[in-house]
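One letter stands for each residue in the lines below.
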Amino acid sequence: MPIKDETRTRPHALRRGLLTATLLSGLPLGWTAAAQDAEPTVIDDQPVPEDEDGDVIVVQGYRAALQDSTNAKRDANGFTDTIFADDIGKLPSQNLAESLNRIPGVKINRDVTGEGQQISVRGLGPSFTKIVLNGNNIFTASDGNLTGTNSNREVDLDVFPAELFSSLVVNKTPMADQLEGGTSGYVNLRTSRPFDAEGQRFRFSVEGAYTTINEEVSPIVSAIYSNTWNDKFGILAGVVASRRESRVDGYETVGFSDGCVADFTDPPANTTSNCLDGYIGRNHFRYSPYATADYVAAHPELSLAVGDRIDPVATSGLTQDELDRGILPYLGRGMYTIGDRDATSALGSVQFRPSEAIDIAIDVLYAETKRDFDRVEAMNWGRRNFLSLGAAWIPEDLTIDGDQVIRSGTLYNTRAWVGHRAYEEDFEFFTVMPSLSWDVSEVFRMDLSASYSESDFRRDEPYFNFLTPGMTVDFANSGDVATFDYSLDISQPNVGWVWNDVQGDQLRFNRNFRDVDTLGFHADFDLGAEPERTGVQFGIHYDEATRDLEFFGGGNNDVLKNEYFFPSDAYANIEDYLLPSPISDLGDVFDEDIGYSGIAYLDIDRFYEAIRYDEFEPTAAATGDQFGQGVGGIEEKYLGLYLMANVEADLLDQPLRINAGVRWVDTDQTLTSLADEGETETQASYAKFLPSFSAVYDVTDALKLRASASRTMTRANPGEMYPNSVWTSSGIDTARAGNPNLSPFESVNFDVGGEYYFGELGYVGLYYFDKEVRGFTRDDTVDVLFANIADYGLDPNDLSETQAEALVACGGPQSCNVQVSTRTNVQGTATLKGFEGIWVQPLDFLLEGLGFNASATKIEQDADDPAAIITGISDWTYNATGYYENELFQFRLTYYHQDGAVASGFQGYDGSDGLPARRIRSDHRTQVDFSAIVNLPFLENQNVALTFDGYNITNEPVRNLFEYDDLSYDVFYPGATYTVGLRGSF
């Protein structure tokens, strides 16, 4: 079912479609395409490898890509790493994020599918890394991971296929000519162009990806055509298309919590119930002192009747203190997602060189994805299982460990609470980037570029909630997942399912719209014969970015239920609209048995038809989405000016290169609320100077030493700035609002290190970095003079009669203060210190074509304010790739490891309530991939190769822990993926 968009139009869609169609109409083979060779970095005075007869040695494959990366590293002034596509146009991983993961200091964030999605550089999150496309500012309106949204400044890299890119450059230390925004790093994604390889070229690939967990084969096809004429004119066009059949098995909680024994507060009325006196903690679970039907049936020897009083402390086998403090999974649930994702990306590029001095190019990139899947979860109902609802448990034979974790036992009168989320997602990205490079004279060069991009994302995510009757569950929690062995078969539709009427929570409406546009113009000028080495560079950059986030949520639930759902046959006869579980092996990939083989789910198409879902027209929420993220609009305008100088001189008869510069950037922000029909606006502006310095000294021809110092910035999170302001009292005493005056994050950075090179390919490098970061935020309350409340999005003229009277009573706008709850900047700083190492080593002395490359990063942090502590920092990350290549065969085996890290705060357990402090931590994760290529000798002229790749071949999960190493907060198993394909070029 397509997602309806009643509130938005797409005025650019027709123009975008016509332009893309025009660019791709020259494809000789319809709609398929693949990637282009990277242009090798040319290093001055580097001898070209030759064999004993003096013939040039042509280095191909992964080794050639490593050679280009080594050359780029050797020639760089700052701390830079580059990855090039290999000689058949394939970057060394399945997407851009995975490719960048082998660079030291780069950590990837994975979706629950296990696929790399975003990158973090040197410990800071994805929002702190500036991603640019051919040097141009971009943002994507993509979906983020399954449990969140991209409402900040992160860029999802899984929406761009690796085949269409020739190189990825990671700058860990900035230069003044680079766009600001990357406190931790600057990553330039370079798309392929016609003159990357002159002449007529055609490349193709056809692959099938087999995933072990769902035993499905997903096709991936690509092709690219390029041609150049007389070194004057060139075209390139290509498309990559894929369809991925996906399944993920997982286990989730929303943390762990404790419970209490409850009783009715008014026994004759039996309407409300509370915890008995003396129970501490969060008390999310209720234990019943009254016998239930399943407990009576299980204990005939006790001669009990339903409703007879029992002692739940005695039945639990624990002391009252243990039962009070013991924690269980809070909404612990096995889950599966199953569905498909269609993705198509297109690249078009035209280059015109009317003379040797002028290069004109237009690059166009388009990407779209459509994702349709179901997420079904079976929760052990333990949230608000009030005695008054008939839902409290009777615990029996519980066991508890020294960490106060209840490890096993039986719970009577429990229910499986099934949540079915039916996702439909549409994503589009389009950008056009014209550019002109002109060597005006031998000492003056001009580079002009412009860019426009638009991206939109639509997600429909309704949530439907139904329950089993009361039943018994045997519970255990001793492995990667908890076991819930229910007395009913919840994989079947005929066990007595009912809608969740008991809590009035039968459905929740969720729909997200995101639109992002960027516009930019850059003018860069160079003075000097070789300005990158000796000369002056300066320029002006102007960029605009707008982001609109809308959420259609909980405010629509009552209307949808009362007018569409309750009158329908689907409400009256739920089991007629349920289907048996589409899988019968749920949890086979877990270390422990989850307790059930599948979960019954809704026949979503029939259900939508029954409740007339397509006819429902929602209204937008004014404040936040289902993930707690702010919604609204932000328009930003950036003006950057820079000046930098490059100097090359001899010191002790060895070359020393220095780059020094300063960037001044002015930021103007206009933020719009969705409340009051979008009429509420706030504005903010600031300017920053960002100096940078780097130097590299050749101690010998083989040994290089580097040093760098800089200041970098990342603008504040828009979700914390939207002026979604409301009065929180009947008078003018208190209000809640976003804070448009949040300062940007700033970091002062120092780097030292160097490399020792041996031969053309091999080297070792060691680096130390120090970053002092400020600008973090926390919840706070600030006193704001009433006369200034418009700065927080509150209209001083829109007051109720009571508020107007209160304003007069306290002396008027210049005398009255309003306490505004908002986000404010923390004054403290976080210091990150770390080491990076890299080793690239050919092993031709053992076997020609054999070699390896490895890298590692160690990070430590210290903060002078607890609110400035950075989560998500792994102590160690490291990877290694071993490879072997000859004329007929190439093979790579890659090992990645990422230490666990503190992922979030205390989840309600900060130690203040007498219970232990507990955090959520990501688990250590190791992944092994391989790639094999066999060149087919009978098709040598067409350079056709058979490929076989494996990703996550040990089926490593993506797992978070609840404080303890053996206690899962959530865990997802995406399975291993193997691809077999055919690639060629001619």
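Criteria and thresholds
- Residues numbered from 1 in each chain as written.
- Predicted model: local features only at pLDDT ≥ 70, side-chain atom pairs only at ≥ 80, totals over all residues.
- Heavy atoms only, no water.
- Patch = residues over 30% accessible without salt bridge, like charges linked within 9 Å, V, L, I, M, F, W, Y side chains within 5 Å.
- Areas by Shrake-Rupley, 256 points an atom, 1.4 Å probe, with all protein chains shown as cover.
- Salt bridge = Lys/Arg side-chain N within 4 Å of Asp/Glu carboxyl O.
- Lys, Arg positive; Asp, Glu negative; His and termini not counted.
- Charge placed at Lys NZ, Arg CZ, Asp CG, Glu CD.
- Helix = DSSP H or I, 4+ residues; strand = E, 2+ residues; numbered from the N terminus.
- Buried < 20%, exposed > 50% of the residue type's maximum accessible area, 1.4 Å probe, protein only.
- Disulfide = S-S within 2.5 Å.
- Core = buried A, V, L, I, M, F, W, Y, C linked by side-chain atoms within 4.5 Å.
- Contact = heavy atoms within 4.5 Å.
- Polar contact = N/O pair within 3.5 Å; in protein donor to acceptor, adjacent residues only side chain to side chain.
- Pairing = 2+ DSSP bridges.
- Axes fitted to C-alpha atoms, helices over the stretch in contact; angles between N-to-C directions.
- Arc of directions from axis to C-beta.

Enquirer: How should a negative patch on the surface be read in this particular structure?
Expert: Taken together, the side chains of Asp 474, Asp 485, Asp 588, Asp 591, Glu 592 and Asp 593 make up a negatively charged region of the molecular surface. Here Glu 592 is to be found in the loop between β29 (578-579) and β30 (601-602). Judged by relative accessible area, Glu 592 falls into the partly exposed class, the value being 30%.

Enquirer: For this particular structure, what's the right way to read the state of the cysteines?
Expert: Taken as a whole, this structure holds 2 disulfides when the rule is applied. Each disulfide pairs two cysteine sulfurs, and for Cys 260 the partner residue is Cys 275, the sulfurs being separated by 1.9 Å. One disulfide, between Cys 260 and Cys 275, carries an S-S torsion of -70 degrees and so falls in the left-handed class. Of the two residues, Cys 260 is situated in strand β12 (residues 259-264) and Cys 275 in strand β13 (residues 273-275); the sequence distance between them amounts to 15 residues. Since its relative accessible area comes to 23%, Cys 275 is described here as partly exposed.

Enquirer: Sorry if this is basic, but what is going on with the nonpolar core here?
Expert: Grouped burial of nonpolar side chains is what soluble globular proteins tend to show. One finds Ile 490, Trp 497, Tyr 596, Ile 599, Leu 602 and Phe 607 to be the most contacted residues of the largest nonpolar core, which totals 69 residues. Leaving out residues up to four positions away in the same chain, Trp 497 has contacts with Ala 416, Val 418, Phe 466, Leu 467, Thr 468, Ile 490, Gln 492, Ile 574, Glu 575, Leu 578 and Ala 600. Core analysis: the next-biggest nonpolar cluster, separate from the first, contains 38 residues, Leu 96, Ala 162, Leu 164 and Phe 429 among them.

Enquirer: Is there a simple way to think about the side chain of Asn 646 in this case?
Expert: Note on placement: Asn 646 falls in strand β31 (residues 632-651). Exposure remark for Asn 646: the relative accessible area of 3% places this residue in the buried category. Only 2.7 Å separates the side chain of Asn 646 from the side chain of Gln 537, close enough to count as a polar contact. Within the structure, the side chain of Asn 646 is placed 2.7 Å from the side chain of Asn 659, a separation counted as a polar contact. Not counting residues up to four positions away in its chain, the partners in contact with Asn 646 are Asn 77, Pro 531, Glu 532, Arg 533, Thr 534, Gly 535, Gln 537, Ile 658 and Asn 659.

Enquirer: Quick question: what am I supposed to make of the sheet that holds β12 here?
Expert: On the basis of which strands lie adjacent, the open sheet formed by 3 strands has the order β13-β12-β14 and mixed pairing. Looking along the sheet, the strands with just one partner apiece sit at the ends: β13 and β14 (285-287). Across this sheet, the average inter-strand angle for adjacent strands is 50 degrees, counted without regard to direction. Sheet analysis places β12 next to β13, joined by 3 bridges and oriented antiparallel. The residue of β13 that forms the bridge with Asp 263 is Asn 274.

Enquirer: I would appreciate a short explanation of the sheet that holds strand β36 (residues 734-736) in the present structure.
Expert: Two modes of strand pairing occur in sheets, parallel and antiparallel, and in both the strands are linked by backbone hydrogen bonds. The 4 strands are arranged β35-β36-β40-β39 in an open sheet whose pairing can be described as mixed. At either margin of the open sheet sits one strand with a lone partner, and together these are β35 (726-727) and β39 (777-785). One ladder, built from 2 bridges, connects β35 with β36; its direction is antiparallel. When the bridges of β36 are listed, Val 726 appears paired with Arg 736.

Enquirer: Which parts of the structure should I look at to understand helix α9 (residues 604-611)?
Expert: For an α-helix, 3.6 residues make a turn, and residues three or four places apart therefore share a direction. Listing the buried residues of α9 in full gives Ile 604, Phe 607, Tyr 608 and Ile 611. Projection of α9 onto a plane perpendicular to its axis shows the buried side chains occupying an angular sector of 100 degrees, all on one side. Away from its buried face by more than 90 degrees, α9 exposes Asp 605 and Glu 609. Of the residues flanking the end of α9, it is Arg 612, one or two places downstream, whose phi is positive at about 55 degrees.

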